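Fold and geometry: a report
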Amino acid sequence: MGPPDKPPIGLVVTRTAKALNRAFERALGGAGGSQPVWLILLALKSQPGSTQRRLAEELGIREATMTHHLNGMEQAGLVTRRRDPNNRRVHQVTVTEDGEILFERLRAAALAFDLRLRSGASDGQLDQLTETLQRLADNASP
């Protein structure tokens, strides 16, 4: 039996996701950030004063990984952490002025990247793509 005419859809999606991920990381890097920093700042903008635990849950990463990212962001002056006065084990995270400035640069880079991705595609094509990707995600779930 010869090779299939088309590669398996899982392989196509995986390769595409990796290519998009690398390109997005380059776009954010050009603005002075990274995906983890962008995602954390974005989460904090939507939920100011969030806790480390809540951020880790929202972003789907381990708390130890979140702590690592926040350590670097705190050292860079992008966020501050303070203990909750009612529960000393809980750290609340706040975006600093420098973090706000970086957030705006990263947002501009993310929007420009999104526009670049949408270039040449109609609204109907993008809607169809979104539906198809959602179907694939649903089918992949146990």
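Preceding block: the structure.
Below is a short write-up of the structure.

The rules behind the values
Residues numbered from 1 in each chain as written. Predicted model: local features only at pLDDT ≥ 70, side-chain atom pairs only at ≥ 80, totals over all residues. Heavy atoms only, no water. Pairing = 2+ DSSP bridges. Helix = DSSP H or I, 4+ residues; strand = E, 2+ residues; numbered from the N terminus. Patch = residues over 30% accessible without salt bridge, like charges linked within 9 Å, V, L, I, M, F, W, Y side chains within 5 Å. Areas by Shrake-Rupley, 256 points an atom, 1.4 Å probe, with all protein chains shown as cover. Salt bridge = Lys/Arg side-chain N within 4 Å of Asp/Glu carboxyl O. Buried < 20%, exposed > 50% of the residue type's maximum accessible area, 1.4 Å probe, protein only.

1. Focus on the pairing of strand S2 (residues 87–95)
Judged from the 6 bridges that link them, strand S1 (residues 79–84) and S2 form a sheet pairing that is antiparallel. In the sheet register, Arg81 faces S2, and the bridge partner there is Val93. In textbook terms, the turn of a hairpin is the stretch between consecutive antiparallel strands, and for S1 and S2 this stretch comprises 2 residues.

2. Comments concerning a nonpolar patch on the surface
Together, Ile9, Val12, Val13, Leu129 and Leu133 line one region of the surface with nonpolar side chains, adding up to about 390 Å² of accessible area. The set of elements that each furnish at least two residues to the nonpolar patch consists of helix H1 (9–30) and helix H6 (123–140). Element by element, the count of residues in the nonpolar patch is highest for H1, at 3 residues. Inspection of the secondary structure assignment puts Val13 in helix H1.

3. Looking at the pattern of salt bridges
In this structure the tally under the stated criterion is 5 salt bridges. Two residues, Lys45 and Glu100, come together in a salt bridge whose shortest N-O distance is 2.6 Å. Residue Lys45 is found in helix H2 (residues 35–46), and its partner Glu100 is found in helix H5 (residues 97–118); the two are separated by 55 residues along the sequence. A residue is classified by how much of its surface remains accessible, and Lys45, at 35% relative accessible area, is partly exposed. Judged by its relative accessible area of 29%, Glu100 is partly exposed.

Purely spatial values, then, with no claim about function.
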